[in-house]
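# Descriptive analysis of the structure
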Amino acid sequence: MIKQFVPQEFCLKCQGCCRFKEANSVWSPCLLDEEVQGLLDRTDLPAASISIDRRIQPVVNPHGAEFICPFLNSLDNKCAIYAGRPFECQLYPFLINLRNDKVLLTVDLNCPYVYENINSQEAKDYIAYLCDFLNSPQQLKILKDNPQIIQAYEEVREVAELRLPHEIK
Ligand code: SF4
């Protein structure tokens with residue numbers, strides 16, 4: 001599990017994450033290959049579809065106007081698979097991004113906690129932790145084996161360049 005930057009109590013009060021404007025949103029979580037199989041093997045979860053490009057398909061929010069992740073309970077803001085949620089969900093509001101042939105660690109400033117705290121010492125320490133974590137041999141292998149999660153997100157802020165193997169760029 002990736003250590004979290006945003007405190008859980010802040011996340012539970014925010015109505016931002018796990019909600020999407022469109023059913024085919026680029027922001028819906030993209031899964032590692034092993035996560036796809038892990039979800040398909042479980043029979044105790046709400047019905048969910050995974051797209052051909054390995055994204056969890058958002059569903060219509062039964063309690064609102066937008067689309068939500070099928071694992072989100074939009075009434076209490078809790079995730080049905082929180083303890084085993086996908087890598088991208090653990091990483092968010094940080095994202096791995098491909099830009100100008102570089103693999104970057106970026107952050108989504110739409111997260112209000114990040115927006116307020118991105119210049120803090122706490123954020124600098126956390127980014128250093130994330131870079132160490134993502135540049136570890138084990139994580140590099142996971143990223144190399146799952147190039148689908150290195151995407152070209154727009155409107156995110158670059159915070160560091162990652163040392164990823166050239167062949168996945
Ligand atoms: S899997 Fe959980 S954390 Fe990830 S988008 Fe869905 S509800 Fe949110």
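Residues numbered from 1 in each chain as written. Predicted model: local features only at pLDDT ≥ 70, side-chain atom pairs only at ≥ 80, totals over all residues.

## Remarks on the overall build of the protein chain
Keep this limit in mind: Every helix listed is a DSSP run of H or I at least four residues long, and every strand listed is a run of E at least two residues long, numbered separately from the N terminus. Every radius of gyration here is taken over C-alpha atoms, with the globule rule written as 2.2 Å times N^0.38, N being the number of residues. Any residue with 12 or fewer other C-beta atoms within 10 Å of its own C-beta is exposed, any with 20 or more is buried, and the rest are partly exposed; the C-beta atoms used are placed from the backbone.
Across its full length, the protein chain holds six helices and eight strands. Order of helices (α) and strands (β) in the protein chain, N terminus to C terminus: α-β-α-β-β-β-β-α-β-β-α-α-α-β. Scaling as 2.2 N^0.38, a compact globule of 169 residues should have a C-alpha radius of gyration of about 15 Å, and the protein chain matches this with 16 Å. Seen along its three principal axes, the alpha-carbon backbone of the protein chain occupies a region of about 40 × 35 × 25 Å. Here the protein chain holds 169 residues, and the buried ones make up 22% of them.

## Remarks on the nonpolar core
The nonpolar side chains of a soluble globular protein tend to be buried, and buried together. The condition that has to hold: Definition of nonpolar core: a set of buried Ala, Val, Leu, Ile, Met, Phe, Trp, Tyr and Cys residues joined via C-beta atoms within 7 Å. Throughout, the edges of the domains are those of an automatic or database domain assignment. Here, residue contact means that the backbone-derived C-beta atoms of the two residues sit within 7 Å.
Of all hydrophobic cores here, the largest spans 25 residues; its most connected members are Cys 18, Ile 68, Cys 69, Leu 72, Phe 94, Leu 105 and Leu 130. For this core, the secondary structure elements donating two or more residues are strand E3 (67-68), strand E6 (94-99), strand E7 (102-107) and helix H5 (121-134). Of the residues that make up this core, three or more belong to each of domain 1 (8-85) and domain 2 (93-163). Aside from chain neighbours lying at most four places away, what touches Ile 68 is Cys 18, Arg 19, Pro 58, Val 59, Asn 61 and Ser 74.

## Some words on the environment of Ile 68
Mapped onto the fold, Ile 68 is located in strand E3. You can call Ile 68 buried: it has 20 C-beta atoms within 10 Å. For the pair formed by Ile 68 and Glu 22, sequence separation is 46 residues and the distance between their alpha carbons is 9.1 Å.

## Considering the domain arrangement of the protein chain
The accessible area lost on association of the parts is a frequent measure of interface size. Inclusion rule: Think of it as three bins: nonpolar holds Ala, Val, Leu, Ile, Met, Phe, Trp, Tyr, Cys and Pro, charged holds Asp, Glu, Lys and Arg, and polar takes everything else, Gly as well.
Along its sequence, the protein chain is organised into domain 1 (8-85) and domain 2 (93-163). The class makeup of the residues in the side of domain 1 that touches domain 2 is four nonpolar, one polar and three charged.

## Comments concerning H5
To keep things clear, this is the line we draw: Multiplying one less than the number of residues by 1.5 Å gives the expected span of a helix. Note that the arc is computed from the directions linking the helix axis to the C-beta atoms.
Along its 14 residues, H5 runs 20 Å from first to last C-alpha, staying within 8% of the 20 Å computed at 1.5 Å per residue. Those residues of H5 that fall on the buried side of the exposure criterion are Tyr 126, Leu 130 and Leu 134. The buried side chains of H5 occupy one side of the element, clustering within an arc of 65 degrees when seen end-on. In H5, the exposed positions that point more than 90 degrees away from the buried face belong to Gln 121, Lys 124, Asp 125, Ala 128 and Asp 132. On its buried side, H5 packs onto E6, E7 and helix H6 (137-145).

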